[in-house]
Structure formats: C-alpha cells, structure tokens
Amino acid sequence: MAQLRSVSSQRTIKLVYYSCNSPSSSRSLVAATAAATNNGKCNQKRALHTTAAALSGKAALLSSTSNSSSVYALDVLNGLRHQQRRQLQLSQSPFLCSNVGVGARSLHSAVNDQQQAEVALAEATEDNRRAGGGKQGQCESKSAQPNAGDQPQRDPLDVSFNDPIAAFKSKTTWELVRAYMVYMICSSEKLVEHNMKLLKVARTLLGAKLFVLLMKSSFYGHFVAGENRHTIVPALERLRSFGVKPILDYSVEEDITQEEAEKREVESSVSSAEDNVKDAGALPQYHVDKSFADRRYKVSSARTYFYLNEATCERNMETFIKCLEAVSDDDAKEPRALAQGATFGTGITAIKLTALGRPQLLLQLSEVIMRTRKYMEALVGGQGNVLTHHKTIKDLEQYYAGIGDNKDVQTFLKNVTSDKEGILHLFPWSGIVDEDSQLSDTFRVPDPITGQMRRLISQISPKEEEMFRNMIRRLNTIVKTAAELDVRIMIDAEQTYFQPAISRITLEMMRKYNKEKAIVFNTYQCYLREAYHEVVTDLEQAKRQNFYFGAKLVRGAYMDQERARASALGYADPVNPNYEATTDMYHKTLAECLRRIKVLKDVGDDARKIGIMVASHNEDTVRFAIENMKSIGISPEDKVICFGQLLGMCDYITFPLGQAGYSAYKYIPYGPVEEVLPYLSRRAQENKGVLKKIKKEKRLLAAEIRRRLFRGQLFYKPKGNYVPI
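Residues numbered from 1 in each chain as written. Predicted model: local features only at pLDDT ≥ 70, side-chain atom pairs only at ≥ 80, totals over all residues. Heavy atoms only, no water.

Caption draft 1: The packing of aromatic side chains, seen in detail. Applying the stated criterion across every chain, the model contains 11 aromatic pairs. Plain terms: the ring middles of F219 and F223 are 6.4 Å apart, the flat faces sit at 25° to each other, and that makes the pair stacked. Of this pair, F219 and F223 both sit in helix 12 (residues 219–223), 4 residues apart, which is roughly one turn of the helix. Each member of the pair, F219 together with F223, is buried. Centre to centre, the rings of W429 and F443 are 5.4 Å apart; their planes meet at 50°, and the pair counts as tilted. Of the two residues, W429 sits in helix 19 (residues 429–433) while F443 sits in the loop between helix 20 (439–442) and strand 5 (444–446), which places them 14 residues apart along the sequence. Classification of W429 as buried rests on a relative accessible area of 5%. Note on F443: relative accessible area 0%, which makes it buried. (Phe/Tyr/Trp six-rings, centres within 6.5 Å; stacked < 30°, edge-to-face > 60°. Helix = DSSP H or I, 4+ residues; strand = E, 2+ residues; numbered from the N terminus. Buried < 20%, exposed > 50% of the residue type's maximum accessible area, 1.4 Å probe, protein only.)

Here is the structure:
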C-alpha cells in the first residue's frame, strides 16, 4: 500500500515541487490574499484553501520522498502555521471583513487543512519509515531491543504536539477507543463528582468478577498497568519499545472514612511526652489541627498514607523494595541474552516518607528547621536557610563572646557543619540520617545572652526516638537497595508542614548515596512562593558538599488545602497568588537549573551532577524546557533533563518526546483492581480539572481512530524499535 502511494505521488512531484519552490510561489500566496480582498466571499474562501493546499502539498511531498527531508517538512508545516496566522490578521482587516461569517468559516476551513496536512505528513513519514527500510521493519518484529551495532530509531519532534500518529502508535485501536470513552466520562462533572459512589454501586450490582472485568475494560485498563509486578512487565516492555521508561508506584490505598482518617492523624501527630503547655516559640503551622487532620481534603492528585503502627510502615518499606526489584536490571545477578528487568537499569520508583514513619516526627523536625532559621535571623540578621547567611564559626564565636568560656557553647560550635565558605548547618545532620543520634540531645542552641542551652524541639519520648530511628532505617534500607539495583528513588513532596523535614532528610540521603551519580531525587512544588530559593539553596549545598543533585519539578498537589489551612490557623499563605505566578516560578527554577548545568559543561565538569525531571502535563512548560536546552547547548544525550507524565494522561507529549530521543517517563501505577479504586477516583477528579488538555487529547484520539478506520488499520499491532535514552 505504501509503495502504491509512493508511486502515485511521483506523478505529481515535478508539478508540486516547482509550484512550491519557484520564485513565483510566494507571489501566488500574496495573490491568493489579494484575490480574497477583491473578489468577495467565494474567492476569499478559495484563496485560503489555496494557501493551505500549496503548503500542505509541499509538506506531504517532502515527507514522502526521503527520511532526511522529514525535519524540513516539519519546517514547512511551521510555515503553514505562519501563513495561517498571517491570513487571520488579514481577515481581521476592515477591507476583508465585509462578511464576518464567511471569514470565520474560511479560517476554520484553513485550520482544518493544516490539521489534515499534519496528519498527512505524519502518515507519509511513518509509511516511508516502514516501506523504505525493510530491514528495519524486520528488526521491529524480532526484538524491542536492537543489537549493539544497530542505530536506534529516532523521529523528528513536532513541538506543537499535534501529531496523532506519534502520540498513539504504541496503542491498539481498542485502546484508543477505550481512552476516548474514559475521557468522555471524565468530561461529565456529575459523573466525576460521584464517581466513588457509582463504583461501589456497580461493584454491588455486578459482583466481583463482572466488576473487575468492567474496570479492566475502562478506567483501570486506561490508568493502571496491571495487578502485580509480574503482570505489568508486558506493558513496561511495550513502553520501552516506544522510547518511554517507567516510574513505578504500587498504588494500593486504604479506603477509610473521614472520621477514621482524622482519628489516626491526631493520635499519630502528638507526642505522648508533650504536656499541655506549648513552648513559647511554637509555630502553629507545624502542629496538628483536627479540622485538617484528613490530609485528603481538597487533594485529588496525590496519595495519602495514614499512620497505623510500626508494622504497617515495615510493610510499606517491603512494598517499595518490591517496586525497586520490579524495575531493576537482573543481568548483574544472572547473565542472559536479553535483560529481563523492566527498565534495563533506567527505572525510577516513587516513595513517600509519610509511609515510613510516624507523622509527628516529621512535624517536630520541620518545626526545628524553621525555628533554627528564625534563630539565625535573630542572631545575624537577614532571612532564609542557615547556609544563605554565609557566616563562619568565627562569626558565631563573636556573637557568643559575651557569654564567656562556656563548655556547652564550645561543644555546640564543635558540632556545627561548615566548610571553607562558611556554615552549612547548625546541627550535625549526617549523624541523624546515620540512625545513631538522639533528637532531644541534638537540637539545642545557646541563648546568646545567658549561654544556657535552649531546646528547639518539642518534648519527645524515648519510644518516639526509637520510632524516628526506625523511619530513618527504613529509608536507608530502601535507598541502599536502589543503589545496589541501579534504580533511582524519587521522594515525593508533601504538605508544607512536613516538607522541611522531608527535604532535609532527602538532601542528607543525596549526600550519602549520590557520590557517583544521582540515585536520590527530591521533589519541589513550584506553586510555593519559596520554591526557587529552596532549589537554589539545595543546589548550593550539593556543590559545596560535592554530591550529585537530583530534582523533580512539579506544580504541586496540595494548593487548595494549603490555602485553607493557612487562613484557618493564621499563618502566611505559602502558595503563589495564581496559576501564572506558579508557571513563572516553575520556569524560573528550571532555567536556573539549566544555567548551572551549562556552567558545569563549560568548565569541563560532569554535567550529570545536576539531574532534573520536568514532571509536567503542561505542553508550554515542556516546550520551554526543550527550547532552553537547545539555546544553551544541552542535548538529550547529556542525560541531565528528563520528562514525566502520568500513565493514561498526555500521551501526545510523552511518546513523541521518547521517540525523538528525549528521556521520557510514564508514572506507572499498579495493584489489584479493587484496591486501587481510590487512585482511580483521584485520576477522574484530576482529569475533570484539566478539561483543556482532555479536549486536545480527545481531538487527537478521534483523528487517529478515523485515520485507522479509513486506511483499514483497525487491527493495527504496535511494534516499536525505539531505545530510551
């Protein structure tokens, strides 16, 4: 079929080529516009079609002649878009708008021509790839992993993300139809609002077996990869064959009532040693409030763990380790012809620190960190993290000079973490993550007037000290296993009242394990006002302590909850004022990371000392990253920037990126059907909030379904020959 189309296209090559490339071609476009001006509505419509047809014909021709012209053909399509924008401007002129309705219809028709041209270009490129490289086609059918001598397949990237073939060539037609149905349901506000009730009613009416079958044919099949680490392997291998790697997450969640959630949270967030009299320096943000004890409140895009007991935390640790094993490369243990690890050493596992320990300990530790900052601000002036003040041990000695020769102060100064550039931390955090420090003894600072040691942490019992060491032990076990299996760990961000502790522990894990490459990644939520400063501070610590820095940048999941809690408890709103400010924060933070990567490259240092995941479903942000990478000379092969989206969302971004040679990931949830219902409920809620993205995905899905229908490809079987970067 492809050869027949190729032969027929040759008949018109000379005519189209000369019409598109002759000196008069640009004049014809001008003439077309002039015709629209002078000859009324019929000629106006014809002129717009002439413009679109000329350029789309050129694109189709160039893409069908050779692979090498595909990139140029994309440039032609960009020219088409430019011409249509020009036509829009001309159509808005008072000389052309005598009939507004006709003008609108004409422009709409021209846009349709552009979309058809884009699909035609994608089809021609795909046909050329298959028909023109018989050996390549044979390679596809043999294995998803080519031999070492083979050149990995790469496709040109359409940065408008409007190519339905590139977006969905990894999907069967049934999967496309299912996706379209799921998005149709997600577009219904009433269905989404009551989705959990409807799922439970369906479970009761259908019975377990029919309900599971229904879910696998709809929401579960679209958003979840499988039930366990073994059943997900085919899905992961198919992803990889189309250039995409996985971030695995065992997405089983407890379906508990609000009352039960509040009870657990309150009980696990207050120390048994705490008396009723609050410390004068206590910060309300870092203490539990029953009104917000159910941390699922107004949160649709993040999973929540509620502490039950230490045994549950141990089970969570084992689950995370199983995720690591599922994504690891087994070749190191048992040589074989083909690696059977799902990601061939490039995989990632996501974990949450609240799954590994008592939340009270994170609250107390977060409060210590913020009180330490206030202590430094009062002592030396300025604002921000201790590191940003650029003070030395000698500076501190001068501040404490009035105290005299105090043994406790000398011991405190001896334990301060510093280097030749100044103080990094007032406390020996390295001892804390090495499981052997007592919190109550560690977090004490000298009063600059009396010299007496003040405790910055609220009362904590010996049993709770042991719980904290258990939490750190669990995290150490997970990260050590990840390092041994060559899998990366991404520690998810959580609410701001936990985050200072989570970030500090994560940075210390980086210092401990990221000595040769980035194993541990921290997550930064760019809807927070302090996101940029936190990233810059942590980058500075990584530079000064010489470890590899890994960061996942997200917009964030807790915005509405954070705003409501700040207002109710009377502390400053930590959230950016609007979506635009959050986007600016994201781009500013990403640009700073890219700038520092370029500095590393320019001085001949290892650019991989900074690794960034752009975890965003916003195509403008993805384009921003790609354009900045190009402008400062960072290539995908540098392996310092990767992109990530959720399974079942924004395939039109992830797959074209992976197929063009960028490092692209899908966040892959898995687990038994009935135990991932809370996760599926949140996905439905999240999709309701991004109707604009759903609209585009539905349009591209419909275009690809129609294309396959008209071309007799309803039984298309995906076979990829891409190798992830």
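Caption draft 2: Expanded view of the side chain of T173. Mapped onto the elements of the fold, T173 is located in helix 9 (residues 173–186). A distance of 2.9 Å separates a polar side-chain atom of T173 from the backbone oxygen of L714. What T173 contacts, discounting residues up to four positions off in sequence, is R708, Q713, L714 and Y716. (Polar contact = N/O pair within 3.5 Å; in protein donor to acceptor, adjacent residues only side chain to side chain. Contact = heavy atoms within 4.5 Å.)

Caption draft 3: Broad picture of the nonpolar core. Core analysis: the biggest nonpolar cluster contains 161 residues, and F643, L657 and L680 have the highest contact counts within it. Here this core gets 10 residues from one element, more than from any other, and that element is helix 16 (residues 359–380). Each residue touching L680, except ones within four places of it in the same chain, is listed here: M215, F219, Y220, F223 and V224. In terms of nonpolar packing, the next biggest core, distinct from the first, is built from 7 residues, A302, A557, Y558 and V575 among them. (Core = buried A, V, L, I, M, F, W, Y, C linked by side-chain atoms within 4.5 Å.)

Caption draft 4: Molecular detail of the environment of F242. Here F242 is to be found in the loop between helix 13 (233–241) and strand 1 (244–250). Judged by relative accessible area, which is 1%, F242 ranks as buried. On a C-alpha basis, the gap between F242 and Q153 in space is 9.5 Å, while along the polypeptide they are 89 residues apart. Non-local contacts of F242, meaning those with residues more than four positions away in its chain, are made with K169, S170, F655, G658, Q659, P718, K719, G720 and Y722.

Caption draft 5: Quick peek at the state of the cysteines. The full count for this structure, using the stated rule, is 0 disulfides. With no disulfide of its own, C526 lies closest to C593 among cysteine sulfurs, the gap being 8.8 Å. The exposure class of C526 is buried, given its relative accessible area of 0%. (Disulfide = S-S within 2.5 Å.)

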